[in-house]
Amino acid sequence: MEWLISFLQVWWNGMGLELQIFYAIGLMSSFIILIQVLLMFLGIGADMEVDDVSGADGGDPSDGLHLLSVRTITAFFMGFGWTGVIALRNSYILEIALIFAIFVGLTFMAVIFYLLKSLHSLRESGTLDYQNAIGASGVVYTPIPPHESGAGQVEITIQGRLCCVHAYTTSEEKLLSKSRVKVIDLVDPQTLLVEPITKKSEKSDEVKAV
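Residues numbered from 1 in each chain as written. Predicted model: local features only at pLDDT ≥ 70, side-chain atom pairs only at ≥ 80, totals over all residues. Heavy atoms only, no water.

Q: What exactly am I supposed to notice about the nonpolar core here?
A: Most often, soluble globular proteins have nonpolar side chains that are buried together. Counting 17 residues, the largest nonpolar core has I158, L192 and V194 as the members making the most contacts within it. Excluding residues within four positions of it along the chain, L192 makes contact with Y130, A133, V154, I156, V165, H166, A167, Y168, V183, D185, L186 and V187. Membership of the second largest hydrophobic core comes to 12 residues, among which are F76, A87, L88 and A101. (Core = buried A, V, L, I, M, F, W, Y, C linked by side-chain atoms within 4.5 Å. Buried < 20%, exposed > 50% of the residue type's maximum accessible area, 1.4 Å probe, protein only. Contact = heavy atoms within 4.5 Å.)

Q: Honestly, the pairing of strand β2 (residues 152-158) in this entry has me stumped. Any pointers?
A: For β2, the tally of buried residues reaches 5 of 7 residues, placing the bulk of the element in the interior. Bridge count for strand β1 (residues 137-142) against β2 is 3 bridges, and the pairing is antiparallel. The residue of β2 that forms the bridge with T142 is Q153. Looking at chain direction, β2 and strand β3 (residues 161-169) are connected through 7 bridges and run antiparallel. (Helix = DSSP H or I, 4+ residues; strand = E, 2+ residues; numbered from the N terminus. Pairing = 2+ DSSP bridges.)

Q: Mind showing me how you'd approach the pairing of strand β4 (residues 180-188) here?
A: Each regular strand shows side chains that alternate between the opposite faces of the sheet. Two elements, β1 and β4, share 3 bridges in a ladder whose sense is antiparallel. Pairing of S137 across the sheet is with K182, part of β4. Taken together, the 6 bridges between β4 and strand β5 (residues 191-196) define a ladder with antiparallel strand orientation. Bridge pairing in β5 places K182 opposite E195.

Q: Looking at this structure, I do not really get the sheet that holds β3. What am I missing?
A: Strand pairing in a sheet relies on backbone hydrogen bonds, with the paired strands running either antiparallel or parallel. Spatially, 5 strands are ordered β1-β2-β3-β5-β4 in a closed barrel, and the strand pairing comes out mixed. Neighbouring strand axes in the sheet, compared pairwise and without regard to direction, differ in orientation by 55° on average. (Axes fitted to C-alpha atoms, helices over the stretch in contact; angles between N-to-C directions.)

Q: When you look at helix α3 (residues 70-89) in this model, what are you seeing that I'm missing?
A: Given 3.6 residues per turn, any residue in an α-helix points the same way as the ones three and four places further on. In this model, α3 (20 residues) spans 29 Å end to end at C-alpha, consistent with the 28 Å of a helix rising 1.5 Å per residue. Phi turns positive one or two residues past the end of α3, at S91, with a value near 70°. (Expected span 1.5 Å × (residues − 1).)

Q: Sorry if this is basic, but what is going on with the side chain of T74 here?
A: Following the sequence through the fold, T74 ends up in helix α3. With relative accessibility at 8%, the residue T74 sits in the buried group. Contacts of T74, omitting those with residues within four sequence positions, involve S29, I32, I33 and Q36.

Quick look at the structure:
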């Protein structure tokens, strides 16, 4: 064991500071990713996207994912660190190594985000039936253009889960954020068609209920 420690000390001390930094970033990020993978295999943290770097968008409010998250940032540093090591080992100057490292790090980050988003979408589409939203009421999250001319988003509870879903409206007026709406149909399996809830329609629903 002592010979291994001695070997590692000689190996580490034989590097320049820049190479040591790249190695440290690559090794630490790889270790974190390994821990994340082990936790996922153990069924722990499969849904852990405490990744939310508050408001750092790049994700869709409907899926709760963000471009800046624990997993994507770790992926960036892994790509950054090991690319820097490879570049310096191949005698590139530090400036060029940094450019390569940042580019590869951002690529790793984007790929991991895309994979997480795809997996999340598959899981959501496999468990939620948006037909169950027809007749339910919700609140506009992002404004919805009139006459089905564009999509907005509504917050609505489907199968006991609060979701943020893309929606169109047949209303003649733009539906603003925080306005209440009712789902009347589906545009496609994951997009709702809504109408505004007015006092008149609320009274009509109360009469039907009676």
